[in-house]
Amino acid sequence: MADTAGAVAVWRYRGDPEAGQPATMVQFSNGRLQRSDSMQFTIYRHKDTAHPRRKHQRILVSETDRLSYVGNNFSSGVTKGNSLCRYFVGVLDKDSGQLDVYNAEIFNMQPLLSDNLIPDDTKDYQTKSYREKMDLCIEAFGTSKQKRALSSRRMNAVGNDILSTAVTKAAANIIDAKGVTALIQDVAQDDEQNISIFLPPCNEDADKPADVYKFEDILSPAEYEALQVPAAVFVNITPEEIAKKTEDKSHCSFVLEELKFLPADEKSRDHKARCLWFLDTLIKFSYLKVIKKKHPMGPECPHIISRKLMKNFTSLTYNNGSIQNVISASMKAKITAYVIALALHINNFQTDLTVLQNDLKLQESRMMDIARAMRLKVSKAKGLPGLENDQNHKLGTLSLPLPVQKASGSQRKRKKMN
């Protein structure tokens, strides 16, 4: 192609009628032009002037501050009216009142999303990804809706790149200003604070261990009263029934082991049975991911307990157009903290953390992090009931004065690596 530089204004005559060149009119496929005098156009003609068809081929190009446009009179995108009818432009001489009529040609201007007007070489095409090839097909043959979606996606990609660059630069500035060691310490403190948010209320000024995590903060009087009916099955349980439940694994290991040592005193036996029933329900509730039922723990669970589980131990999330209750990682940590607190009340403020860890299906490091956040003294023991003889147990003891909180073992390792 050899270019013929020229500027045309939209819907205005431009051409050389004496040389047989028609006037040029343009229309834009994606909207109307508000200021026609602000645009400059360049028209290209085919250099083979001897060929009967090619000599009439033209490409019209225009640019704005935001987009480039291109139109032609020989491809499949040409307005069908060009081959079915003729267009004319009338030029009125205001002084004489005479109207001169000239042949005209319409160019349909399309937005150009590539800087390269020349088709890519075949070798370059073969190296393109599937997405890039599909984008080229949409540019050439896609509908207006597909082209708008493609343009929007590319604009978003540019925005994401800009945002990523800005975030990377900001992070680098923070690291330079504060230092890696200080940032790691901040992360460690944030982890401790995140866990502490989900702990039962802690009374650091308590005079006795029972008042550090008060029983009323775990089970309110109304909730405790509602447990009488479902916990009756534990009050009157026999050794044969315990063996059968152990074989069926219908309850967690901690509960099955504690059922073997129910007090003979009626009031104490009923109290421990209620605590064990709620602890077992809380552990089973932690296994759920998304709560889909109104009564997820079954009809035997009192309504006030079901409401407590849903209100205190689930998070609300939006999914597929509806709001769902889910047990997130933070809610799992909260359940674990309340299970530990209740187990401490059951076992005179010293409990086997390893048994609870296995029942809750947690990693040991996570369990230890929560236990230390609850200000427990963690010690090692071996050969206690509930686990294999060769498995070490971790005991958690709640005693006064409460120990000072320390960073978890995983956090100390990160500091050493640095």
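Look up a bit, the structure's there.
Residues numbered from 1 in each chain as written. Predicted model: local features only at pLDDT ≥ 70, side-chain atom pairs only at ≥ 80, totals over all residues. Heavy atoms only, no water.

**Student:** In this structure, what is going on with the overall build of the protein chain? I would like to understand it.
**Tutor:** Looking only at helices and strands, the protein chain features 16 helices and 13 strands. A buried classification covers 33% of the 418 residues belonging to the protein chain. A separation threshold of at least 6 residues defines the contact pool for the protein chain, and within that pool the share at least 24 residues apart is 59%. In the form shown here, the protein chain has an accessible surface area of approximately 26600 Å², with 51% of it arising from carbon and sulfur atoms. (Helix = DSSP H or I, 4+ residues; strand = E, 2+ residues; numbered from the N terminus. Buried < 20%, exposed > 50% of the residue type's maximum accessible area, 1.4 Å probe, protein only. Contact = heavy atoms within 4.5 Å. Areas by Shrake-Rupley, 256 points an atom, 1.4 Å probe, with all protein chains shown as cover.)

**Student:** Where do I start with the side chain of S399 in this structure?
**Tutor:** Following the sequence through the fold, S399 ends up in the loop between β13 (392-397) and α16 (409-417). Engagement of the side chain of S399 in a polar contact is seen with the side chain of K377, the distance being 3.4 Å. (Polar contact = N/O pair within 3.5 Å; in protein donor to acceptor, adjacent residues only side chain to side chain.)

**Student:** Where do I start with the nonpolar core in this structure?
**Tutor:** Nonpolar side chains in soluble globular proteins tend to be buried together. Judged by nonpolar contacts, the single largest core of 64 residues is most densely connected at F254, L279, F285, I340 and M374. When contributions to this core are tallied by element, the ones reaching two or more residues are α6 (215-218), α8 (228-235), α10 (253-259), α11 (266-286), α12 (303-312), α13 (329-346), α14 (353-360) and α15 (364-373). When residues of this core are assigned to their parent elements, the largest contribution, 12 residues, is made by α13. Every residue in contact with M374, bar those within four places of it in the chain, is listed here: L199, P200, Y213, A337, I340, A341 and L398. F28, M39, I43 and F107 belong to the second largest nonpolar core, which has nine residues in total. (Core = buried A, V, L, I, M, F, W, Y, C linked by side-chain atoms within 4.5 Å.)

**Student:** Got a minute to help me understand the sheet that holds strand β9 (residues 315-319) in this structure?
**Tutor:** Sheets are built from strands paired through backbone hydrogen bonds, the pairs being either parallel or antiparallel. Across the sheet, which stays open at both edges, the three strands sit in the order β8-β10-β9 with antiparallel pairing between neighbours. The open sheet terminates on both sides in strands that have one partner only, identified here as β8 (290-291) and β9. (Pairing = 2+ DSSP bridges.)

**Student:** Can you walk me through the packing of α13 against α14 in this structure?
**Tutor:** Angle between the axes and distance between the axes are the two parameters that describe a pair of packed helices. Closest axis-to-axis distance for the α13/α14 pair is 11 Å, and the angle between their directions is 140°. Helix-helix and strand crossings are classified by hand; for α13 and α14 the assignment is right-handed. Note on element contacts: α14 touches α13 through L353, L356 and L360, opposite K332, T336, V339, I340 and A343. Among the residues forming the contact of α13 with α14, the class breakdown is six nonpolar, one polar and one charged. (Axes fitted to C-alpha atoms, helices over the stretch in contact; angles between N-to-C directions. Left-handed = near helix turned anticlockwise from the far one by under 90°. Nonpolar A, V, L, I, M, F, W, Y, C, P; charged D, E, K, R; others polar.)

**Student:** Help me out: how do you make sense of the pattern of salt bridges in this one?
**Tutor:** Two side chains with opposite charge may pair up if their charged atoms get near one another. Under the definition given, this model contains 10 salt bridges. Two residues, D48 and R54, come together in a salt bridge whose shortest N-O distance is 3.7 Å. Of the charged contacts, one joins E258 and K272 as a salt bridge, the two residues approaching to 2.9 Å between their closest N and O atoms. Taken as a pair, E258 in helix α10 and K272 in helix α11 lie far apart in primary sequence, 14 residues in all. The two residues E258 and K272 agree in class, both being buried. (Salt bridge = Lys/Arg side-chain N within 4 Å of Asp/Glu carboxyl O.)

**Student:** Is there a simple way to think about the pairing of strand β7 (residues 99-112) in this case?
**Tutor:** Each regular strand shows side chains that alternate between the opposite faces of the sheet. One ladder, built from six bridges, connects strand β2 (residues 23-28) with β7; its direction is parallel. Counterpart to A23 in the pairing with β7 is A104. Alignment of strand β5 (residues 68-72) against β7, held across three bridges, turns out to be antiparallel. In the sheet register, Y69 faces β7, and the bridge partner there is P111. Alignment of strand β6 (residues 87-92) against β7, held across six bridges, turns out to be antiparallel.

**Student:** Can you help me understand a nonpolar patch on the surface in this one?
**Tutor:** Where nonpolar side chains cluster on the molecular surface, the patch consists of F88, L92, L99 and V101 and spans about 410 Å² of accessible area. For the nonpolar patch, the secondary-structure elements that each account for two or more residues are β6 and β7. You can see F88 is positioned in strand β6. (Patch = residues over 30% accessible without salt bridge, like charges linked within 9 Å, V, L, I, M, F, W, Y side chains within 5 Å.)

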